[in-house]
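Chain by chain, the residues run as shown.
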Amino acid sequence: MTNSKSDYPALRARLYGVWLRHCRVYAKNLFSNCLPPFLEPLLFLAGVGLGLGKYIAGSMDGLRYLEFVGTGLLVTASMFTATFECTFGTFIRLEFGKVYDGMLAAPLTVTNLIVGEILWAGTKGFFFSLAVACVLMLCGVVPFPQALAAPLVGFLTGTLFATLALLVTAYVKTIHHFNFFLTGVISPMFFFSGVVFPLSDLNRPLRMVAELVPLTHCVRLVRAVCAWNYPSQLWWDLLYVLLFIAIVGACAVRRLGKRLID
Amino acid sequence: MAVISVRNVHKHYKRVLAVKGVGFDVEQGTCLGFLGPNGAGKSTLMKMLYGRCRPDSTPEYSINLFGHEPNRDELAIKHFSGVVPQDNNLDEELNVRQNLMVYARFYGMSRHRAQARIDELLAFMELPEKASEKIKQLSGGMNRRLVIARALLNSPRLLILDEPTTGLDPQVRHLIWDRLRRLKKQGTTILLTTHYMEEAFRLCDNLLIMHEGQKIMEGAPRALIKANIEAFVFEPMGNETVFSSPDRPLPPSVRREECLGVTRYFSDTLEDLKSLCDHVEDGQYHLRHSNLEDVFLKTTGRVLSDKQ
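Since this is a predicted model, take the numbers as computed values, not measurements.

Looking only at helices and strands, one finds eleven helices and zero strands in chain A. Its helices and strands taken in sequence order, chain A reads α-α-α-α-α-α-α-α-α-α-α from the N to the C terminus. On C-alpha atoms alone, chain A measures out to a radius of gyration of 20 Å, which is about the 18 Å that the 2.2 N^0.38 rule sets for 262 residues. In terms of overall dimensions, chain A has C-alpha extents of about 70 × 40 × 35 Å along its principal axes. For chain A, the proportion of its 262 residues judged to be buried stands at 52%. In chain A, 78% of the contacts between residues at least 6 apart in sequence involve partners at least 24 apart. Total accessible area on chain A is roughly 12,200 Å²; 69% of this is exposed by carbon and sulfur atoms.

This is how it looks when you write it as structure tokens:
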């Protein structure tokens, strides 16, 4: 009955274990979880393509309006899903379901748990981006096959916003406080990061602010992928995204770790 | 030989000192029980063992479990230990088997090995026909048995249980006690916290009574009773002021004690207590051996502290 081995699983297996737990729970409600990511871009096409789009004749950064916003949608879908997963989702696992209490009794460290969480949010970012890409490619809004590479940017975007959301979650006392983060940070980012109109329309100070927020860089990366055109300035965007993930991710692990260990 | 040894651990939260210099040893294949009122520091102490809670870094403290220290070998300790936390925390989205499958992954068990082990454990905890039930459909007792099964997945050498049977019906409680005794026989070392004196008495080889973060007493259940309280108790149920009136003094061997509205009379001489019975109607009193609860109430105080 008693096991003689004390060799616990390797890091990769531990992270995979956490990832797999989230994946299993997500897949449990396959229909209700996997249909909306496809429906949302369809709604967008109907609302903007049939409605609003008629009134916008000019091109934006050389793209038709539908194409301009559509490419942006490839990363905002990732941003939203990762943000919700790592704010409300994480908070519920932390405070209400006590899921982490169970997981931390298994051979997992707090860091394993949080990094697994981030990787899962990145995966969801990939999947949501893929769903948008599929719908928009079928309707000819984004180019095939280039847009097939967009989910890679979706993964980075999901990972990035997971680190930010987890850092916020580390400080949040009640679940209602997330409203400030969503309305005060995420929504403005959606409107002022070059997703719905080009940054060149902003005045200089606002443009500088837009350069500081992460979504701007994700949008630029995904548009470059769709156009299959990689200017050398794009390295800065990629560097920004990677550094953001590393630095904010490290802070999130530290702060949330303190909350999880008495 | 002691396989677990803890020396002089402290833990404070903000300004509250939750654990004050507690230490103990546990031998392989034995069960140590932690008794104490709510807020005595029992759960904190359990969490320190598997790294969920860091003790204060006082210079002379030490924690050693099977040759491992929690702050260095957290993963190794969690790998050979099974933990049953105070609150059930199963994944409500997953069914019984899926819950265990996901958890088996954390131990790096292959799918095949996990399946076999899960069948074995569901049978052991008498849940075999519940494998595909949803967690929400399980009763409180089934939930608890499932959490215990989960803790047993990796055949732990050490089982840590935080109030394993609180709030369960007598049948389930007896089933759990039986299973824990079987595990102990197979060599599993068990640590548990409890409020149930009966549980402590039936399961534990040794007990540690805690109060306000400190160890106030330690020993085998029978020895604790013998050393700390008179052998017999007389407990009248109605108005008992008759016994202590000035014209009828108590026999000298009898000690009178009032606790939360109940008065009890303790003595090592059964005859002296029997003499008290004559003043009470038949069936309106208990005359019994003293038990752990009497020791517990005597040692942890008779009034509620603000933590309870």
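Back to the write-up after that little detour.
With 39 residues of chain B at the interface, the matching set in chain A holds 34 residues. Buried surface at the junction of chain B and chain A, summed over both partners, amounts to about 3,400 Å²; 58% is from carbon and sulfur atoms. The largest contributions to the chain B side of the interface with chain A come from Arg-52, Leu-75 and Phe-106 of chain B, which together make up 25% of the buried area. Here chain B is connected to chain A by three salt bridges. Between Asp-91 of chain B and Arg-21 of chain A there is a salt bridge whose closest N-O contact spans 2.3 Å. When residues of the side of chain B that touches chain A are traced back to their parent elements, those giving at least two are strand 1 (2-13), helix 2 (74-80), helix 3 (96-106) and helix 4 (111-124) of chain B. Per-element tally for the side of chain B that touches chain A: the top contributor is helix 2 of chain B, with six residues. A breakdown of the residues in the side of chain B that touches chain A according to their chemical character gives 14 nonpolar, eleven polar and 14 charged.

Another point: the packing of helix 4 (residues 65-96) of chain A against helix 10 (residues 214-227) of chain A. Residues and elements named next belong to chain A. Look at helix 4 against helix 10: their axes get within 9 Å of each other, and the N-to-C directions meet at 125°. If you check the angle between helix 4 and helix 10, you find them oblique. Crossing of helix 4 against helix 10: the hand is right-handed. Contacts between helix 4 and helix 10 involve Phe-68, Thr-71, Gly-72, Leu-74, Val-75, Thr-76 and Met-79 from the first element and Leu-215, Cys-218, Val-219, Val-222, Arg-223 and Cys-226 from the second.

Let's shift gears to the packing of helix 3 of chain B against helix 4 of chain B. All names here are of chain B. Interaxial distance between helix 3 and helix 4 falls to 10 Å at its minimum, and their mutual angle equals 130°. Classed by the angle they form, the pair helix 3 and helix 4 counts as oblique. In the crossing of helix 3 with helix 4, the sense of the turn from one axis to the other is right-handed. Residues Val-96, Arg-97, Leu-100, Met-101 and Ala-104 of helix 3 pack against Arg-111, Ala-114, Gln-115, Ile-118, Asp-119 and Leu-122 of helix 4.

Residues and elements named next belong to chain B. Pairing is antiparallel across the open sheet formed by four strands, whose spatial order is 11-12-10-13. Looking at which strands have only one partner, the edges of the open sheet turn out to be strand 11 (255-259) and strand 13 (285-289). Between one strand axis and the next, the sheet turns through 25° on average, direction left out of account. The pairing of strand 11 with strand 12 (residues 262-267) spans five bridges and is antiparallel. By the bridge assignment, Glu-257 is partnered in strand 12 with Arg-264.

What counts and what doesn't
- Residues numbered from 1 in each chain as written.
- Chains lettered and ligands numbered in written order.
- Predicted model: local features only at pLDDT ≥ 70, side-chain atom pairs only at ≥ 80, totals over all residues.
- Heavy atoms only, no water.
- Helix = DSSP H or I, 4+ residues; strand = E, 2+ residues; numbered from the N terminus.
- Rg over C-alpha atoms; globule rule 2.2 N^0.38 Å.
- Buried < 20%, exposed > 50% of the residue type's maximum accessible area, 1.4 Å probe, protein only.
- Contact = heavy atoms within 4.5 Å.
- Areas by Shrake-Rupley, 256 points an atom, 1.4 Å probe, with all protein chains shown as cover.
- Buried area = accessible area lost by both parts, 1.4 Å probe.
- Salt bridge = Lys/Arg side-chain N within 4 Å of Asp/Glu carboxyl O.
- Nonpolar A, V, L, I, M, F, W, Y, C, P; charged D, E, K, R; others polar.
- Axes fitted to C-alpha atoms, helices over the stretch in contact; angles between N-to-C directions.
- Parallel < 35°, antiparallel > 145°, perpendicular 65-115°, else oblique.
- Left-handed = near helix turned anticlockwise from the far one by under 90°.
- Pairing = 2+ DSSP bridges.

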